[in-house]
Amino acid sequence: MDVDTLSDVLRAVRLKGAIFFDVETAAPWVAEAPPAKLVAPAVMPGIEHVIEYHVITSGSCWASIVGDSQEPPLQIAAGDVVAFPQGDAHVLSSAPGMRGSVELSLFRGPEVAAGLPLLLNLDGGGSERTHVVCGFLGCDSRPFNPLLDALPRVLHLSHTVTARSAWLMQFTRFAVMETKEKRQGASSMLSRLGEIMFVELVRNHVEALPDGAKGWLAGLKDRHVGRALNVLHKQPARAWTIDQLAKEAGLSRSALAERFATYVGVPPMQYLQKWRLQLAASSLLEGTANIATIATKVGYESEAAFSRAFKKTVGMPPAEWRNSRIALSIAGRPG
């Protein structure tokens, strides 16, 4: 069976869900979120990159990136999801153009430290009410995250454009139930729900890409580039040559090299090197395997060659990088 390349990347970059905010509002209201890098150490200690998303369960509101006139305010309604993959500061509000104050203290409370949903009430006194469930997703951005690089600043999934909207509404109802009841295991359940929801967001984004789109996600849809990506992810440790890869993809070597670079942004062998380093980074953080074993597993002929490539990309040797990441994660844990 062929490897699901998107799932392969999501595993390797260690996608992980985090706490939810359960927000009840009455117009007029505004909530401003700071850049994700400012809250990442509190909501997901030891995680490099954090994505915030919002599910509208009832009512409607407006979402916008702070200070970006190129991205107009987006109206979102019940059943919609909006996410900010690049971690931009953003605003949710009852009307477009509103600004609020950033409350960093919300991210340092005991509920957040314990990974529990936090209930918020933004009551402007009006009759128009909106309910929003907010969550966070963490992932590795280094050494290489081709998905993150390919995603836009705003991802929007409308309940009106997908046949799977019924599934999404089930998700929102279940998420609301879990946040309100705070049953045992709620934090873990909400985290998994967030991860599944994000995959659905990405899949819908890929399906909606126009003809002629470029980037890693568009490459997955291309017959030849997608096949090349698939075999590279299926056998990353293989000593691939461009001729072998071209044969698998059904193109000449020159045609594959050009087509692959046009979509993905780098030549096939350079992509493979980057991907091997990400696989190695994931192995470094998930187990106790020694550096030599990991180097061999991802396709390097020697530990020294792997260590040189890793340091060149990440800025420190593999063992030092692993220790620093583990220390960050431990330092951010409550109690």
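Definitions and cut-offs
- Residues numbered from 1 in each chain as written.
- Predicted model: local features only at pLDDT ≥ 70, side-chain atom pairs only at ≥ 80, totals over all residues.
- Heavy atoms only, no water.
- Core = buried A, V, L, I, M, F, W, Y, C linked by side-chain atoms within 4.5 Å.
- Buried < 20%, exposed > 50% of the residue type's maximum accessible area, 1.4 Å probe, protein only.
- Helix = DSSP H or I, 4+ residues; strand = E, 2+ residues; numbered from the N terminus.
- Contact = heavy atoms within 4.5 Å.
- Pairing = 2+ DSSP bridges.
- Axes fitted to C-alpha atoms, helices over the stretch in contact; angles between N-to-C directions.
- Parallel < 35°, antiparallel > 145°, perpendicular 65-115°, else oblique.
- Nonpolar A, V, L, I, M, F, W, Y, C, P; charged D, E, K, R; others polar.
- Polar contact = N/O pair within 3.5 Å; in protein donor to acceptor, adjacent residues only side chain to side chain.
- Salt bridge = Lys/Arg side-chain N within 4 Å of Asp/Glu carboxyl O.
- Lys, Arg positive; Asp, Glu negative; His and termini not counted.
- Phe/Tyr/Trp six-rings, centres within 6.5 Å; stacked < 30°, edge-to-face > 60°.
- Lys NZ or Arg CZ within 6 Å of the ring centre and 35° of its normal.

### With respect to the nonpolar core
Within the largest apolar cluster, 67 residues are counted, with the highest numbers of intra-cluster contacts made by Leu-147, Phe-198, Trp-216, Phe-260, Val-264 and Tyr-271. The leading source of residues in this core is helix H11 (residues 268–286), at 9 residues. Those residues within four positions of Leu-147 in sequence are excluded, and the remaining contacts are Leu-6, Val-9, Leu-10, Phe-198, Val-202, Trp-216 and Leu-217. Grouped together as the second largest cluster of nonpolar side chains are 26 residues, Phe-21, Val-39, Ala-40 and Leu-92 included.

### With respect to the sheet that holds strand E5 (residues 74–77)
If you walk across this open sheet you meet the 4 strands as E2-E7-E4-E5, and the pairing is antiparallel. Of all the strands in the sheet, the pair left with one neighbour each is strand E2 (30–33) and E5. When the angles between neighbouring strand axes are averaged without regard to direction, this sheet yields 25°. Of the pairings in the sheet, the one linking strand E4 (residues 60–65) to strand E7 (residues 90–93) comprises 4 bridges and is antiparallel in character.

### Concerning the packing of helix H1 (residues 5–12) against H11
Contact pair H1 / H11: the axes reach a minimum separation of 9 Å and the direction vectors enclose 45°. Here H1 lies oblique to H11, going by the angle between them. Judged by residue contacts, Asp-8, Val-9, Arg-11 and Ala-12 of H1 engage Trp-275, Gln-278, Leu-279, Ser-282 and Glu-286 from H11. Here the contact of H1 with H11 is built from residues that sort into 4 nonpolar, 2 polar and 3 charged.

### Brief notes about unusual backbone geometry
In this structure, the amide linkage connecting Ala-27 to the following residue, Pro-28, adopts the cis form with an omega of -5°. Following the sequence through the fold, Pro-28 ends up in the loop between strand E1 (16–26) and E2. One non-glycine residue, Arg-14, adopts positive backbone phi at about 60°.

### Topic: H1
Of all 8 residues that make up H1, 6 are buried, and the element is covered over most of its length. Along H1, the residues that are buried comprise Thr-5, Leu-6, Asp-8, Val-9, Leu-10 and Ala-12. Two or three places before Leu-6, at the opening of H1, Asp-4 has a side-chain oxygen 3.2 Å from that residue's backbone nitrogen. Arg-14 lies just past H1 and shows a positive phi near 60°.

### Let's talk about the pattern of salt bridges
On inspection of all chains with the given rule, the structure shows 11 salt bridges. Across the salt bridge formed by Asp-88 and Arg-153, the nearest N and O atoms sit 2.9 Å from each other. Of this pair, Asp-88 sits in the loop between strand E6 (81–84) and E7 while Arg-153 is found in the loop between helix H4 (146–150) and strand E10 (155–157), placing the two residues 65 residues apart along the sequence. Of the residues examined, Asp-88 reaches a relative accessible area of 17% and is grouped as buried.

### Some details on the side chain of Glu-52
Tracing the sequence through the fold places Glu-52 in strand E3 (residues 49–58). Here Glu-52 is buried and forms no salt bridge, its nearest opposite-charge partner Arg-153 lying at an N-O distance of 14 Å. Aside from chain neighbours lying at most four places away, what touches Glu-52 is Ala-33, Val-82, Ala-83, Phe-84, His-90, Cys-134, Gly-135 and Phe-136.

### Details of the packing of aromatic side chains
Here the structure, examined in full by the defined rule, presents 6 aromatic pairs. With 6.0 Å between their ring centres and 65° between their planes, Phe-21 and Phe-136 make a pair best called edge-to-face. Of this pair, Phe-21 sits in strand E1 while Phe-136 sits in strand E9 (residues 129–139), and the two are 115 residues apart along the sequence. Each member of the pair, Phe-21 as well as Phe-136, carries the same accessibility label: buried. Relative to Trp-321, the ring of Phe-310 lies with its centre 5.4 Å away and its plane at 70°, an arrangement referred to as edge-to-face. You can see Phe-310 sitting in helix H13 (residues 303–314) and its partner Trp-321 sitting in helix H14 (residues 318–331), a full 11 residues away along the chain. Neither Phe-310 nor Trp-321 differs from the other in exposure class; each is buried. Joined through ring pairs, the aromatic side chains of Tyr-300, Phe-306, Phe-310 and Trp-321 make up one cluster. Looking at Lys-214, its charged tip hangs above the ring of Tyr-263, at a distance of 5.2 Å from the centre. When the ring centre of Trp-240 is taken as reference, the NZ or CZ atom of Arg-238 above it lies at 3.9 Å.

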